[in-house]
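# What the coordinates show
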Amino acid sequence: DGGITQSPKYLFRKEGQNVTLSCEQNLNHDAMYWYRQDPGQGLRLIYYSQIVNDFQKGDIAEGYSVSREKKESFPLTVTSAQKNPTAFYLCASSMPDGTDTQYFGPGTRLTVL
Amino acid sequence: QKEVEQDPGPLSVPEGAIVSLNCTYSNSAFQYFMWYRQYSRKGPELLMYTYSSGNKEDGRFTAQVDKSSKYISLFIRDSQPSDSATYLCAMSARTGGSYIPTFGRGTSLIVHP
């Protein structure tokens with residue numbers, strides 16, 4: 001089955017620790033994205049990558065880092081510099097058909113204690 | 001003024017009702033318009049996308065775009081309790097060689113039996 005997987009589904013970390021969220025896709029999509037979703041705030045773009053070894057900051061990149069070493073994988077690291085990291089994190093990829101319509105993974109709920 | 005405005009609801013309707021969900025926007029450069037459905041604690045699922053103005057129908061769902069009024073709608077006919085979810089509108093314009101969508105905050109829909 002083709003799709004986007006995110007792991008883990010739930011993640012708990014202590015304040016001050018870095019944590020890495022996994023995102024993998026087998027759809028052969030070129031572009032991948034990370035969003036943060038907070039209640040009542042919709043989706044906010046953290047980082048996106050249109051091609052391997054290249055990525056751009058989104059609207060709220062501070063306190064986050066990414067890498068894109070393989071087409072299939074786009075991990076997100078939430079660093080200790082992120083002031084309010086507790087949120088629902090969504091990974092997406094988009095079809096190379098000129099529309100860039102996005103397809104989402106199931107999400108990771110991160111709670112920092 | 002936010003680029004995309006969407007009433008968060010909740011919108012509560014009886015089973016079988018016709019549901020109308022709407023978004024307004026301010027950026028006249030938007031060309032692609034999408035509707036996503038998101039169940040609680042899940043990733044958004046693409047329902048429909050349209051290019052420019054006009055209507056598009058898929059089963060019980062109809063998407064409508066009025067670029068002159070900067071207004072898009074999603075109609076759901078014969079609504080079912082399984083339609084209860086948050087509906088996100090999204091729209092995109094070409095920026096730096098790709099389309100990065102801007103999302104509305106989402107409207108919570110409750111269809112009661």
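Residues numbered from 1 in each chain as written. Chains lettered and ligands numbered in written order. Predicted model: local features only at pLDDT ≥ 70, side-chain atom pairs only at ≥ 80, totals over all residues. Heavy atoms only, no water.

This brings us to a nonpolar patch on the surface. Side chains of Tyr-10, Phe-12 and Leu-113 of chain A sit close together on the surface and give an oily, nonpolar patch of about 360 Å² of accessible area. Given a relative accessible area of 49%, Phe-12 of chain A falls into the partly exposed group. (Patch = residues over 30% accessible without salt bridge, like charges linked within 9 Å, V, L, I, M, F, W, Y side chains within 5 Å. Areas by Shrake-Rupley, 256 points an atom, 1.4 Å probe, with all protein chains shown as cover. Salt bridge = Lys/Arg side-chain N within 4 Å of Asp/Glu carboxyl O. Buried < 20%, exposed > 50% of the residue type's maximum accessible area, 1.4 Å probe, protein only.)

Attention now goes to the pattern of salt bridges. Residues and elements named next belong to chain A. Following the criterion strictly, the structure yields six salt bridges over all chains and no others. The partner of Lys-71 in a salt bridge is Asp-30, and the shortest N-O contact between them spans 3.2 Å. Note that Lys-71 is positioned in the loop between strand S7 (64-66) and strand S8 (76-78) and Asp-30 in the loop between strand S3 (19-25) and strand S4 (31-37), a separation of 41 residues in sequence. Look at Asp-30 and you get partly exposed, because its relative accessible area is 34%. (Helix = DSSP H or I, 4+ residues; strand = E, 2+ residues; numbered from the N terminus.)

Residue and element names in this part refer to chain B. Trp-35, Ile-72, Leu-74, Tyr-87 and Met-91 are the most contacted members of the largest nonpolar core, which totals 24 residues. Elements with a contribution of two residues or more to this core: strand S3 (19-25), strand S4 (32-38), strand S5 (45-51), strand S7 (61-66), strand S8 (71-76), strand S9 (85-92) and strand S13 (107-112). Discounting chain neighbours no more than four positions away, the residues touching Ile-72 are Leu-21, Asn-22, Cys-23, Tyr-25, Phe-33, Trp-35, Gln-64, Val-65, Cys-89 and Met-91. (Core = buried A, V, L, I, M, F, W, Y, C linked by side-chain atoms within 4.5 Å. Contact = heavy atoms within 4.5 Å.)

Before going further, it helps to examine the environment of Leu-43 of chain A. Take Leu-43 of chain A: it is sitting in strand S5 (residues 43-51). In this structure, the C-alpha to C-alpha distance between Leu-43 of chain A and Phe-88 of chain A, residues 45 residues apart in sequence, is 9.6 Å. Setting aside anything within four residues of it in sequence, one finds Leu-43 of chain A in contact with Tyr-35, Arg-36, Gln-37, Leu-90 and Phe-104 of chain A together with Pro-44, Leu-88 and Phe-103 of chain B.

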